[in-house]
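Take a look at the letters that make up each chain.
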Amino acid sequence: MKTSLYLMIMMTGILSFQACKTGKNPDELQKDSLTADSLKKAEAAASKVTTTVITTGKAIANPAKKNGRWEIIVERNRQWEEDYARMMLEKDQLGIYYRTEVKPSYPGGEKALAKFIQENIVYPETALENGVEGEVMVGFAVDERGVIYTPVIKGDRAGFGLDEAATAVVSKMPVWNPGQIKGQNVKSYFSLPIKFRIY
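Participant: Any chance you could explain the overall build of the protein chain here in plain terms?
Facilitator: Across its full length, the protein chain holds seven helices and six strands. Counting from the amino terminus, helix and strand elements in the protein chain follow one another as α-α-α-β-α-α-α-β-β-α-β-β-β. Buried residues in the protein chain amount to 35% of all 199 residues. By sequence separation, contacts in the protein chain at least 24 residues apart represent 75% of the contacts at least 6 residues apart.

Written as structure tokens, this is what we have:
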């Protein structure tokens, strides 16, 4: 829809320019100018127009770190562990537990999880160009088979593409060890902090 509108505006501009140049009425020009060839030329010109959309959030640009080397850090803090331990063993309306007796876990443990994320995440180009770093908390559900679904950002959005990069890498994860209650696999929620750092 936006491309069609852009092409229409662009074609109108071309016709107006030709009308001034030739002295013809723009409506007369339009009849013989709207050919497949002219549309192809307009589409080619439109494809050359690139725009960078920067979504802002809590992350702040730092010119001193612009285009620096980067790393990803995955670690839960003590506060998260304490908050998780205090949650009730209850399900929501979708039948997903907020907490389980045995937490869902990545096969191979925390180090394997950190390695997977570091090898599969893409640090957003917009964030690197602006020296943006920050932490994104991704919440997701793990079903009885260990399949991850519905990754979402919890809390404030970081912006600059960090949120999208974090949810994208979580979506790529292999099957987890599901959470358990009384020895039975259950659907449960899990939160994962992903820190984007430039140095």
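Participant: Quick question: what am I supposed to make of the layout of surface pockets here?
Facilitator: With a probe scaled to a water molecule rolled over the atoms, the places where space remains empty come into view. Approximately 280 Å³ is the volume attributed to the largest pocket. Along its surface, the largest pocket is lined by 15 residues, and Met87, Lys154, Tyr189, Phe190 and Ser191 are the ones closest to its centre. Taken together, the elements giving at least two residues each to the lining of the largest pocket come down to helix H4 (78–86), strand E2 (134–142), strand E3 (148–154) and strand E6 (188–198). Ranked by residue count, the leading element in the lining of the largest pocket is E2, at four residues. Of the residues belonging to the lining of the largest pocket, the class tally is ten nonpolar, three polar and two charged.

Participant: I would appreciate a short explanation of the confidence of the model for the protein chain in the present structure.
Facilitator: Detail in the predicted coordinates should be disregarded across regions flagged by low pLDDT. On average, residues of the protein chain score 80 in pLDDT, and 72% of them reach the 70 mark or higher. Per-element averaging of pLDDT across the protein chain places helix H1 (residues 2–22) at the bottom with 38 and strand E5 (residues 184–186) at the top with 98. Confidence over residues 45–53 falls short of pLDDT 50; this stretch has six contacts with residues more than four positions distant or in other chains.

Participant: Got a minute to help me understand helix H5 (residues 109–120) in this structure?
Facilitator: Note: α-helices contain 3.6 residues per turn, so residues at a spacing of three or four share the same orientation. Over its twelve residues, H5 runs 17 Å from end to end, which matches the ideal 16 Å to within 8%, given 1.5 Å per residue. Taken residue by residue, H5 has Leu113, Ala114, Phe116 and Ile117 as its buried positions. One face of H5 carries all of its buried residues, which in axial projection span an arc of 160 degrees. Exposed residues lying more than 90 degrees from the buried face of H5 are Lys111 and Glu119. Elements in contact with the buried residues of H5: strand E1 (70–74), helix H7 (162–171) and E6.

Participant: For this particular structure, what's the right way to read the sheet that holds E2?
Facilitator: Spatial strand order, E1-E6-E2-E3: four strands in an open sheet with antiparallel pairing. Every interior strand has two partners, whereas the edge strands, E1 and E3, have only one. Across the sheet, the mean angle from the axis of one strand to that of its neighbour is 30 degrees, orientation sign disregarded. Sheet topology note: the E1/E6 ladder contains five bridges and is antiparallel. Pairing of Ile72 across the sheet is with Phe196, part of E6. Strands in contact with H5 are E1 and E6; relative to E1, the strand with the most contacts, it is inclined by about 150 degrees.

Participant: Looking at this model, I keep getting lost on the packing of aromatic side chains. Mind explaining?
Facilitator: Any pair of aromatic rings gets described here by the distance separating the centres and the angle formed by the planes. Evaluation of the coordinates by the stated rule reveals eight aromatic pairs. Ring geometry for Phe140 versus Trp176: centroids 5.3 Å apart, planes at 80 degrees, classification edge-to-face. Of the two residues, Phe140 sits in strand E2 while Trp176 sits in the loop between H7 and strand E4 (179–181), which places them 36 residues apart along the sequence. Accessibility assignment for this pair places Phe140 and Trp176 in one class, buried. With a centroid separation of 5.1 Å and an interplanar angle of 70 degrees, the aromatic rings of Trp176 and Phe190 are classed as edge-to-face. With a gap of 14 residues between them, Trp176 in the loop between H7 and E4 and Phe190 in strand E6 connect regions that are remote in the sequence.

Calculation rules
- Residues numbered from 1 in each chain as written.
- Predicted model: local features only at pLDDT ≥ 70, side-chain atom pairs only at ≥ 80, totals over all residues.
- Heavy atoms only, no water.
- Helix = DSSP H or I, 4+ residues; strand = E, 2+ residues; numbered from the N terminus.
- Buried < 20%, exposed > 50% of the residue type's maximum accessible area, 1.4 Å probe, protein only.
- Contact = heavy atoms within 4.5 Å.
- 1 Å grid on protein atoms, 1.4 Å probe; cavity = no way out; pocket = protein on both sides within 12 Å on 5 of 7 lines; lining within 4 Å.
- Points joined across faces, edges and corners; volume = space filled by probe spheres on them.
- Nonpolar A, V, L, I, M, F, W, Y, C, P; charged D, E, K, R; others polar.
- pLDDT = per-residue confidence, 0-100.
- Expected span 1.5 Å × (residues − 1).
- Arc of directions from axis to C-beta.
- Pairing = 2+ DSSP bridges.
- Axes fitted to C-alpha atoms, helices over the stretch in contact; angles between N-to-C directions.
- Phe/Tyr/Trp six-rings, centres within 6.5 Å; stacked < 30°, edge-to-face > 60°.

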